[in-house]
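Analysis of the macromolecular model
Read off the chains here:
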Amino acid sequence: MAAPLELSCWGGGWGLPSVHTESLVVMAYAKFSGAPLKISVIDNTWRGSRGEIPILTTDDNVVSQPAKILNFLRKQKYNADYELSAKQGADTLAYIALLEEKLLPAVIYRDAKECLNLLSNRLGTSQFFFGDTPSTLDAYVFGFLAPLYKVQFPKVQLQEHLKQLSNLCRFCDDILNSYFRLSLAGISPTGQETVDANLQKLTQLVNKESNLIEKMDDNLRQSPQLPPRKLPTLKLTPAEEENNSFQRLSP
């Protein structure tokens, strides 16, 4: 009998099983691969270090960070990538690096917008990024995009742009409806109060970061552009000019 797998993660809201990107990545991958995770919601996640969540616990192991957790699950025969080619595996790593570089907090808006456009073009009309079966890349894209898509912010340019990319929105909705519908139904009133308190704190943090992102981007657009620096022209005496000509012609 396989050892029980328990995932400690942030709670959910706005129709999401979790409002935390890294937690969503692991939860989605577990659904795709069939890993039987027991979800344990951390009540005071907003107070702690976000780098410590999610955490996977078994009888003999404690694993943190999405990449390490996914590798651990693969070793337990829960592999969502077994049908991928070598090229698709390489593409997965490249797109994950793009997500982590462009969509994490404090990125420049135009870089994040370009990242969303690239993802939209890559997905096209497909159900998932590599056809009809979800894989690691789908888990990462879902984890990064679902909070941006679903959380109700006052006004965030990047969210407004994402909602214009209908295939990415459909992608998030399909995963929520196909893999998380049942798990979102049963939240007790006490649990909901805890979730609501955490969501209020999270919204404040995200709004603050979003305002900083847009301010940084506005400052970059409005900053004066200095003309390119011209190199000074060196004037030679007639004798030096003649000597330089001989040097260029000599073998």
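Going by the structure above, here's the rest.
To keep things clear, this report deals only with the structure shown in the data block. Given the structure is predicted, the values throughout are model-derived calculations rather than measurements. (Residues numbered from 1 in each chain as written. Predicted model: local features only at pLDDT ≥ 70, side-chain atom pairs only at ≥ 80, totals over all residues. Heavy atoms only, no water.)

1. Concerning the packing of helix H3 (residues 86-102) against helix H5 (residues 136-150)
Helices that pack against each other are described as a pair by the angle of their axes relative to one another and the distance between those axes. Direction vectors running N to C along H3 and H5 enclose 10 degrees, while the axes themselves pass 9 Å from each other. It follows that H3 is roughly parallel to H5 by the angle criterion. Once H3 is placed against H5, the crossing between them reads as left-handed. Across the interface between the two elements, Thr92, Tyr95, Ile96, Leu99 and Glu100 of H3 pack against Thr136, Leu137, Tyr140, Val141 and Phe144 of H5. Of the residues belonging to the contact of H3 with H5, the class tally is seven nonpolar, two polar and one charged. (Axes fitted to C-alpha atoms, helices over the stretch in contact; angles between N-to-C directions. Helix = DSSP H or I, 4+ residues; strand = E, 2+ residues; numbered from the N terminus. Parallel < 35°, antiparallel > 145°, perpendicular 65-115°, else oblique. Left-handed = near helix turned anticlockwise from the far one by under 90°. Contact = heavy atoms within 4.5 Å. Nonpolar A, V, L, I, M, F, W, Y, C, P; charged D, E, K, R; others polar.)

2. Quick notes on the side chain of asparagine 167
By the secondary structure assignment, asparagine 167 is in helix H7 (residues 166-179). Separated by 3.1 Å, the side chain of asparagine 167 and the backbone oxygen of glycine 124 make a polar contact. In this structure asparagine 167 touches Ser120, Leu123 and Gly124, once residues within four positions along its chain are discounted. (Polar contact = N/O pair within 3.5 Å; in protein donor to acceptor, adjacent residues only side chain to side chain.)

3. Describing the nonpolar core
In this structure, Leu56, Leu73, Leu103, Phe142 and Phe171 are the most contacted members of the largest nonpolar core, which totals 62 residues. At the level of elements, strand E1 (5-9), helix H1 (21-33), helix H2 (66-75), H3, helix H4 (109-123), H5, helix H6 (157-162) and H7 are the ones that each hand at least two residues to this core. In terms of domain composition, this core takes at least three residues from each of domain 1 (5-83) and domain 2 (107-180). (Core = buried A, V, L, I, M, F, W, Y, C linked by side-chain atoms within 4.5 Å. Buried < 20%, exposed > 50% of the residue type's maximum accessible area, 1.4 Å probe, protein only. Domains from an automatic or database assignment.)

4. Focus on the side chain of threonine 58
Assignment of secondary structure puts threonine 58 in the loop between strand E3 (55-57) and strand E4 (62-64). Judged by relative accessible area, threonine 58 falls into the buried class, the value being 12%. Those residues in contact with threonine 58, other than ones at most four positions away along the chain, are Pro4, Leu5 and Phe72.

5. Describing the pattern of salt bridges
Throughout the structure, instances matching the rule amount to six salt bridges. Of the charged contacts in the structure, one is a salt bridge between lysine 102 and glutamate 101, with a shortest N-O distance of 3.7 Å. Ionic contacts of the salt-bridge type, sharing partners, join the residues Glu101, Lys102 and Asp111 into one network. (Salt bridge = Lys/Arg side-chain N within 4 Å of Asp/Glu carboxyl O.)

6. Here we look at the pairing of strand E2 (residues 37-41)
Looking along a regular strand, one sees the side chains alternate between the two faces of the sheet. Judged from the five bridges that link them, E1 and E2 form a sheet pairing that is parallel. Pairing of leucine 5 across the sheet is with leucine 37, part of E2. Between E1 and its parallel partner E2, the chain crosses via H1, and the hand of that crossover is right-handed. (Pairing = 2+ DSSP bridges. Right-handed = clockwise from strand over helix to strand, strands pointing away.)

7. So, the environment of phenylalanine 129
Along the chain, phenylalanine 129 turns up in the loop between H4 and H5. Between the C-alpha atom of phenylalanine 129 and that of glutamine 88, which follows or precedes it by 41 residues, the distance is 9.6 Å. Discounting residues that sit within four places of it in the chain, phenylalanine 129 has contacts with Leu119, Arg122, Leu123, Leu137, Asp138, Val141, Leu168 and Phe171.

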